[in-house]
Amino acid sequence: MKQAIMLSVNDNVATVLEKVAKGEEIEMKGTSQVGTIVAKEEIPFGHKIAVRDIRKKERIIKYDNKIGVATADIATGQHVHIQNVASERTEIKEGGERA
């Protein structure tokens, strides 16, 4: 089983500790109360995975810090990266797209 780390119960993403293939189970380590989730797609080493469903325009929380805003709905087990997250330092247009 693959592993990911969460440092806060407030996090909605975890960081995978090795490359994960679609369909693999991932065990959460750290302060997580999530247990395990299944990857919906391949996730590269060091990237984020959604540990619960995240709605468009909801903040992405990693290590109890706001790191961005979802530009689309993100399902539990999906890769969370530039394809579905905008930095809060970047202006976000109406509809969730980056400026």
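Use the structure listed above.
Note that the structure is predicted; figures quoted are calculated from it, not measured.

Helix and strand counts for the protein come out as zero helices and nine strands. Counted from the first residue to the last, the protein has its helices and strands arranged as β-β-β-β-β-β-β-β-β. Expressed as a percentage of the 99 residues in the protein, the buried residues total 38%. Partitioning the contacts of the protein with sequence separation of at least 6, the portion at a separation of at least 24 is 46%. On the protein, roughly 5,600 Å² of surface is accessible, and the fraction owed to carbon and sulfur atoms is 46%.

Among the secondary structure elements, Q78 is positioned in the loop between strand 7 (65-70) and strand 8 (79-80). You can call Q78 partly exposed: its relative accessible area is 23%. Separated by 27 residues in the primary sequence, Q78 and V51 have C-alpha atoms spaced 8.4 Å apart. If we skip the residues at most four places from it in the chain, Q78 touches K40, E41, I43, K48, I49, A50 and D73.

Attention now goes to the pairing of strand 6 (residues 59-62). Across four bridges, the pairing between strand 6 and strand 7 is antiparallel. Note on strand 7: the bridge partner recorded for I60 is G68. In this antiparallel pair of consecutive strands, strand 6 and strand 7, the connection spans two residues, and Y63 shows a positive phi of 55°.

The rules behind each value
- Residues numbered from 1 in each chain as written.
- Predicted model: local features only at pLDDT ≥ 70, side-chain atom pairs only at ≥ 80, totals over all residues.
- Heavy atoms only, no water.
- Helix = DSSP H or I, 4+ residues; strand = E, 2+ residues; numbered from the N terminus.
- Buried < 20%, exposed > 50% of the residue type's maximum accessible area, 1.4 Å probe, protein only.
- Contact = heavy atoms within 4.5 Å.
- Areas by Shrake-Rupley, 256 points an atom, 1.4 Å probe, with all protein chains shown as cover.
- Pairing = 2+ DSSP bridges.

Don't take any of this as a statement about function, it's just geometry.
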